[in-house]
Amino acid sequence: MSTEGLSIGISVGGPGAGAADRARRGSRRAASTRRAVWAPLAVDATAILIAVLDVWLVIPEKAPPYSIYLSGLACLALAGRRRLPFGVVLLTVPGFLTGWSQLAAMIALGMLATRKQTHWQVWVGAGLVWACRFIQWPLSDFAQLSWREHVLDGIYGVLVAGMPIAIGLLIGARAQLSQKLGELAASRDRERKLTADAVRAEERARLAREMHDVVSHDITLIAMQAGVLTAQESPAARQTAEVIRQLSTRTLEELRSLVGVLRSGTGDEGPQPGLDELGRLVHNCAVPVRLSIDEVPDRVPPKVSAAAYRTVQEALTNVRKHAPGASATVHVRGEGDALSVEVRNERPRHEATELPSGGYGLTGLAERARLLGGSLETCPTEDGGFRVRARYPLAV
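Residues numbered from 1 in each chain as written. Predicted model: local features only at pLDDT ≥ 70, side-chain atom pairs only at ≥ 80, totals over all residues. Heavy atoms only, no water.

Quick look at the sheet that holds strand β1 (residues 289-294) now. Adjacent strands of a sheet pair through backbone hydrogen bonds, lying either parallel or antiparallel. Taking strand neighbours across the sheet as the criterion, the 5 strands line up as β1-β2-β3-β5-β4 in an open arrangement whose pairing is mixed. The sheet is open, and its two edges are formed by β1 and β4 (375-380), each paired on a single side. Strand-to-strand twist of the sheet, defined as the mean angle between neighbouring strand axes without regard to direction, takes the value 10°. As defined by bridge partners, strand β3 (residues 338-345) adjoins strand β5 (residues 386-393) across 8 bridges and the pair is classed as antiparallel. Bridged to leucine 339 within β5 is tyrosine 392. Taken strand by strand, helix α10 (residues 302-322) contacts β1, β2 (328-334), β3 and β5, and its axis lies near 10° from that of β3. Along the sheet face, helix α11 (residues 361-371) touches β4 and β5 and points at about 150° away from the line of β4. (Pairing = 2+ DSSP bridges. Helix = DSSP H or I, 4+ residues; strand = E, 2+ residues; numbered from the N terminus. Axes fitted to C-alpha atoms, helices over the stretch in contact; angles between N-to-C directions. Contact = heavy atoms within 4.5 Å.)

In structure tokens form, the structure reads like this:
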């Protein structure tokens, strides 16, 4: 893994980035909660203030005290219009009939219509508000009105009772429409997700067939040919053939596991090698490696353990391909709430030969780290070697 052909740097957002995102989402939720609490209170306070002004500005000098008290009660009752809308309408009726709390009664009726829509309570409240506007107090004055004044009062009563109901019905219809649109959007999202899952499952099945039919067949032939070579008289040839056969068998087993995962269509990656198999990996990698594992917790999440194994595996593979003859050090260390994996190699001792490469090893490690909320850093060292360092959070 020399600087030649591999002097790239890959860095992704670490656990701090994920924590910052969660903090921002939490602050937005807190702000939304505060708005949901204070906005209704502000609206209620404004409604009460307007209703009080409506009463205070029209009170005559010689008004009966009971009419003032009933009008004040009607204004204060607006504080409970969200919880008991029908009861608040009933409380505003005496103040409207004998006093001047017309606006308070209209506000209460509008909230009742918004909450109940076409419920019988809405029509009862509308009838009471209309009667309060139609009937004048005291009744002796009402009896002295002409028929023209009664007709006008009836028309004005329809306007006073009808306008808040119309506004309430409009607001309620808008809320119902928003709810229906939200349900429709959620239904479309579910349908889109199901379609994507179906396409993904079909593609996974196709990939599984291709891998089984092509790669598995070729690896099996390699293992068979290596088995034939083990019959050679040369000890070195037999040893090399045995190594090839073991690697082919192990690769075939992992390939079969991967094909099974692709066919299952689930997000579970199945059984994966982890930290407990690092010793065997280092022993069979054909690279001089010094392995150290310090302060690693007893329980490491399976995904983190598998990611650490794959990091060491890819790094040692790159050492074999790009830094022949170089030794490497592997250091796995627990760092509080994270697991650190560092692989460092010396400069190559021999000239590297061109070998086939997928070209996505380090990129895949970076993507795996990003999905786990970790980070991956790669850089050349001052002595001509290369360093790969990954950090994975343990809270996955």
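Read on, since the account is not over.
Per the UniProt entry, the sites bearing "transmembrane region" (unreviewed entry) are residues 37-59, 88-114, 120-139 and 151-171 in this numbering. Helix makes up 89% of residues 88-114 and strand makes up 0%, while its end C-alpha atoms are separated by 14 Å. Across residues 151-171, the secondary structure splits into 100% helix and 0% strand, with the terminal C-alpha atoms separated by 30 Å. (UniProt positions renumbered as here; feature names shortened; annotations may be inferred.)

This paragraph deals with a nonpolar patch on the surface. A surface patch of nonpolar side chains, amounting to about 610 Å² of accessible area, comprises Leu49, Val52, Leu53, Trp56, Leu57 and Val58. Structurally, valine 52 is set in helix α1 (residues 15-56). (Patch = residues over 30% accessible without salt bridge, like charges linked within 9 Å, V, L, I, M, F, W, Y side chains within 5 Å. Areas by Shrake-Rupley, 256 points an atom, 1.4 Å probe, with all protein chains shown as cover. Salt bridge = Lys/Arg side-chain N within 4 Å of Asp/Glu carboxyl O.)

This brings us to the pairing of β5. Counting buried positions over the 8 residues of β5 gives 6, a clear majority of the element. Between β4 and β5, which pair antiparallel one after the other, the connecting turn spans 5 residues, and glycine 384 there sits at a positive phi close to 90°. (Buried < 20%, exposed > 50% of the residue type's maximum accessible area, 1.4 Å probe, protein only.)

Even without glycine at this site, glutamine 117 takes up a positive phi of about 55°. Judged by its relative accessible area of 16%, glutamine 117 is buried. A positive phi angle is found at glutamate 295, which is not glycine, with a value near 50°. Note that glutamate 295 resides in the loop between β1 and α10.

This next bit is on the packing of helix α3 (residues 85-98) against helix α4 (residues 102-116). One way to put it is that α3 packs onto α4 with a least axis distance of 9 Å and a crossing angle of 160°. Classed by the angle they form, the pair α3 and α4 counts as roughly antiparallel. For the pair α3 and α4, the sense of crossing is left-handed. Along the contact surface, α3 presents Pro85, Phe86, Val88, Val89, Thr92 and Phe96, while α4 presents Gln102, Ala104, Ala105, Ala108, Leu109, Met111 and Leu112. (Parallel < 35°, antiparallel > 145°, perpendicular 65-115°, else oblique. Left-handed = near helix turned anticlockwise from the far one by under 90°.)

Looking now at helix α5 (residues 120-134). For α5, which comprises 15 residues, the first-to-last C-alpha distance of 21 Å matches the rise-based estimate of 21 Å (1.5 Å per residue) to within 8%. Among the residues making up α5, those that are buried are Gln121, Val122, Gly125, Ala126, Val129, Cys132 and Phe134. (Expected span 1.5 Å × (residues − 1).)

It is worth spelling out the pairing of β2 at this point. By the alternation rule, side chains of β2 split into Ala328, Val330, Val332 and Gly334, which are all buried, and Thr329, His331 and Arg333, of which none is buried. For β1 and β2, the ladder comprises 6 bridges, and the chain directions are parallel. Looking at β2, one finds that isoleucine 293 is bridged to valine 332. Pairing geometry for β2 and β3, over 7 bridges, is antiparallel. Within β3, the position partnered with glycine 334 by the bridge is leucine 339.

In contact at an axis separation of 8 Å, helix α2 (residues 65-76) and α3 are set at 140° when each is read in the N-to-C sense. Looking at the two axes, α2 sits oblique to α3. As α2 packs across α3, the resulting crossing turns out to be left-handed. Residues Tyr66, Ser67, Leu70, Ser71 and Ala74 of α2 form the contact with α3, whose own contacting residues are Leu91, Thr92, Pro94, Gly95 and Thr98.

Here α4 is 15 residues long and its end C-alpha atoms lie 21 Å apart, about the 21 Å a rise of 1.5 Å per residue gives. Where α4 ends, the next residue or the one after it, glutamine 117, has phi of about 55°, a positive value.

Our next topic: the packing of aromatic side chains. Tallying each qualifying case throughout the model produces 2 aromatic pairs. Look at phenylalanine 86 and tryptophan 120: their rings are 5.8 Å apart centre to centre, the planes differ by 65°, and that puts the pair in the edge-to-face class. In this pair, phenylalanine 86 is assigned in helix α3 and tryptophan 120 in helix α5, connecting sequence segments 34 residues apart. Note on phenylalanine 86: relative accessible area 17%, which makes it buried. On the accessibility criterion, tryptophan 120 (52% relative accessible area) is exposed. Their ring planes at 5° and their centres at 4.9 Å tell us that tryptophan 130 and phenylalanine 134 sit as a pair that is stacked. Taken as a pair, tryptophan 130 and phenylalanine 134 lie in helix α5 at a separation of 4 residues, close to a single helical turn. (Phe/Tyr/Trp six-rings, centres within 6.5 Å; stacked < 30°, edge-to-face > 60°.)

Attention now moves to the pattern of salt bridges. Taken as a whole and assessed by the stated rule, the structure comprises 12 salt bridges. Note that arginine 391 and glutamate 335 form a salt bridge whose closest N and O atoms lie 3.2 Å from each other. Placement of the pair is arginine 391 in strand β5 and glutamate 335 in the loop between β2 and β3, with a sequence separation of 56 residues. Overall, glutamate 335 belongs to the partly exposed group, its relative accessible area being 22%. The partner of glutamate 342 in a salt bridge is arginine 387, with the nearest N and O atoms 3.8 Å apart. Of this pair, glutamate 342 sits in strand β3 while arginine 387 is found in strand β5, placing the two residues 45 residues apart along the sequence. For glutamate 342, a relative accessible area of 22% gives the class partly exposed. Through salt bridges with shared partners, a single ionic network connects Arg333, Glu335, Glu342, Arg344, Arg387, Arg389 and Arg391.

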